[in-house]
Structure formats: structure tokens, C-alpha cells
Amino acid sequence: MIRTRFAPSPNGPLHLGHAYAAMMAHDLARTRGGAFLLRIEDIDGERSRPEFVEEFFRDLEWLGLDWDEDVRFQSRRLDSYAEAGERLKASGLLYPCRCTRAEIAAAATAMGPDGPVYPGTCRHQEIDPEGAAWRLDVAGALDLTGPLEWTDEGAGTLRAAPEIFGDVVLLRKDLPASYHLAATLDDAADGISLVTRGMDLFPASHVHRLLQALLGLPVPLWHHHALLVEPDGRKLAKRRGAPSLGDRRRAGEDGKAIAEALRQHRFPAGISLSAGLHQSP
Ligand code: GLU
């Protein structure tokens with residue numbers, strides 16, 4: 001049975017782009033007789049705010065998108081992330097790093113999906129691990145696993161190329177996880193068989209495929225959907241004025257009609273779907 005999920009981060013209110021993502025994950029599960037789960041990605045302590053979570057529940061109900069099973073919260077799963085982190089450390093594939101963003105930007109010679117690619121500064125150095133972040137030696141990891149593949153329903157089967165990010169942080173200095181590690185572990189723990197999310201996270205799946213191989217996790221299928229974009233091609237964002245679903249709900253708009261319009265690709269003026277470019281390295 002197919003299982004999908006919507007995994008919002010409670011660092012701001014949901015807007016129409018989130019509604020589209022939630023509708024996609026919900027409908028893909030429902031049309032195939034599967035389960036749709038809701039996961040709150042709330043481990044970013046500085047930016048996560050519990051009041052947004054309550055709003056998310058109301059927004060989804062208002063849109064007519066019902067989820068199955070208990071809501072998952074990443075903040076309740078820190079132990080499982082720490083355990084996986086210890087296993088990876090024991091494999092010798094992680095190394096501590098204390099570089100700042102500015103140092104990385106100054107030393108980087110390439111740009112990756114998330115900005116300047118970490119150039120491996122600390123990979124072969126003696127670094128005090130106390131309070132450091134831990135990075136994955138991606139080349140070393142790929143030597144161990146050999147070539148890997150993953151399949152997106154739209155893009156087909158690709159060779160995993162996690163090296164486009166450089167040596168990613170798996171354990172942040174303030175957390176026993178990073179987005180990549182937590183999302184990969186959660187999708188496996190929740191039995192997600194079709195990872196549904198926006199095209200902006202397409203590159204991240206290269207890293208997640210590698211983590212699945214290293215941690216012995218099942219390999220799902222992926223479905224990266226197009227994003228709602230403004231006329232300049234940039235995705236909708238609250239900070240650029242995309243109205244929140246909560247505001248529209250309180251103003252008395254009909255959420256189910258909004259979800260139905262999204263299904264039919266009827267968008268407000270100036271908003272369209274991004275050209276579905278699948279980025280291969
Ligand atoms: N929490 C992420 C976001 O809000 C989504 C993560 C995922 O779907 O893998 O962008």
C-alpha cells in the first residue's frame with residue numbers, strides 16, 4: 001500500500017504553495033488507495049513555533065485534506081537521530097567541522113544546490129569534536145556503497161550524485177540531526193513508499209539515497225512536483241507577500257474550493273506552476 005506524507009516546518013504560516021504540496025501528497029495517496037501522513041519538522045528550535053502547528057491542522061482541515069494515523073513530530077524523535085548518528089560515526093564516515101558559513105563561502109570553489117559547496121577543509125584534520133557539526137565524507141561513503149540509483153516518477157531513474165552538495169552536515173552543532181538525516185530516517189520509520197515534495201528538494205534526494213544505503217533503510221519512490229511560482233519564476237514566499245492560508249480561512253474563503261482550484265491548475269493572477277525541470281547533475 002502506498003504511503004505519502006506532507007512535512008511542513010512550523011517556522012511560518014502555510015501559503016498556497018504549501019496547500020499545493022499537501023494536496024499533491026494527499027491526492028496521490030487517496031487515488032491509489034494509500035495512506036497520507038502528516039509530519040511536523042520542528043527540530044529547528046530557533047525558528048520552530050508551536051502556534052504554527054495548530055494553524056497547520058486547521059488549514060489542512062479547511063482545505064479538506066485529511067491525514068491518517070497520528071501526526072509525527074520530529075522533536076520527539078531526537079533519540080533515533082542520535083542513534084543513527086552514532087552508527088555513522090562508528091563507521092568512520094563522519095568528521096567534525098567548525099567552519100563558519102563565511103569561511104566556507106570564502107574557500108568554496110563551486111556552487112551547489114544550497115549555495116557554496118563545502119570544500120572539505122576539515123576532512124583530514126584533527127578537529128575538537130566538542131560542539132562541532134559532523135559532516136559526511138561523501139566520496140568515502142560512495143566508495144563503500146558503490147554506485148546508487150533512485151527513481152522519481154517524473155524524471156525516471158537516476159544515478160545518485162550526492163557529491164553535488166559536497167560533504168553535507170548530518171549532525172548540526174546544536175542538534176543530533178540535520179534535515180537530510182532526520183527526513184531520511186523519518187520516511188523509513190513511517191514506511192513512506194512515495195516521498196512527495198516540491199521540485200526544490202529534488203537534489204536532496206541524491207543525499208537521502210546515499211543515507212538509505214549507509215543506514216540499511218528501505219528505498220522509496222519519489223515524486224517531486226512543480227512549484228507555484230510568481231511571474232519572476234521565484235517560488236511563493238510569505239516574506240514576499242503570499243497571503244497565508246490562515247488569513248484566507250479567517251476571512252471566510254472556502255478552503256475546499258481553493259484545493260479544488262489547485263487540482264485543476266486554476267491559480268490566482270500572476271501565479272503559475274514552475275516548468276517541471278528535473279535537475280540532473
Ligand atoms: N520540511 C520541509 C519543508 O517545509 C519539507 C521536507 C520534505 O518534504 O522532505 O520545506
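Think of each chain on its own: its residues are numbered from 1, step by step along the sequence as written. Where totals are concerned, whole chains, interfaces and linings use all residues; where local detail is concerned, this predicted model gives features only for residues with pLDDT of at least 70, and gives and counts side-chain atom pairs only at 80 or more. Hydrogen atoms and water are omitted, and side-chain values are computed over all heavy atoms in the structure.

Moving on: the packing of aromatic side chains. For any pair of aromatic rings, the description rests on two quantities: the centre-to-centre distance and the angle between the ring planes. Pairs were defined over the aromatic rings of Phe, Tyr and Trp, the Trp ring being its six-membered one, requiring ring centres within 6.5 Å. Orientation was assigned from the angle between planes: stacked under 30 degrees, edge-to-face over 60, tilted for the rest. Under the defined criterion, the tally for this structure stands at four aromatic pairs. Taking the centre distance of 5.7 Å and the plane angle of 35° together, the rings of Phe 57 and Trp 67 count as tilted. Of this pair, Phe 57 sits in helix α2 (residues 50–63) while Trp 67 sits in the loop between α2 and β3 (72–73), placing them 10 residues apart in sequence. Whether a residue is buried, partly exposed or exposed follows from its accessible area with a 1.4 Å probe, protein chains only, as a fraction of its type maximum: under 20%, in between, or over 50%, in that order. Owing to a relative accessible area of 17%, Phe 57 belongs among the buried residues under this scheme. Ring centres 5.2 Å apart and planes at 70° place the aromatic pair Trp 150 and Trp 222 in the edge-to-face group. Highlighted residues: Trp 150 in strand β8 (residues 149–152) and Trp 222 in strand β12 (residues 221–225), separated in sequence by 72 residues. Numbered from the N terminus, helices here are DSSP runs of H or I no shorter than four residues, and strands are runs of E no shorter than two.

Another aspect to go through is the site of the ligand. Only a single heavy atom is needed: when it lies within 4 Å of a molecule or strand, its residue is near that molecule or strand. Residues in contact with the ligand, as listed here, are Arg 5, Ala 7, Pro 8, Ser 9, Glu 41, Tyr 179, Arg 197 and Leu 201. Between N or O atoms, a polar contact is any pair within 3.5 Å; within protein, one atom must be a potential hydrogen donor and the other a potential acceptor, and residues adjacent in sequence are included only when both atoms are from side chains. A distance of 2.7 Å separates a nitrogen atom of the ligand from a polar atom in the side chain of Glu 41. In this structure, an oxygen atom belonging to the ligand sits 2.9 Å away from a side-chain N or O atom of Arg 197. Asp, Glu, Lys and Arg are counted as charged, while Ala, Val, Leu, Ile, Met, Phe, Trp, Tyr, Cys and Pro are counted as nonpolar; the rest, among them Gly, fall into the polar class. Tallied by class, the residues present in the shell around the ligand amount to four nonpolar, one polar and three charged.

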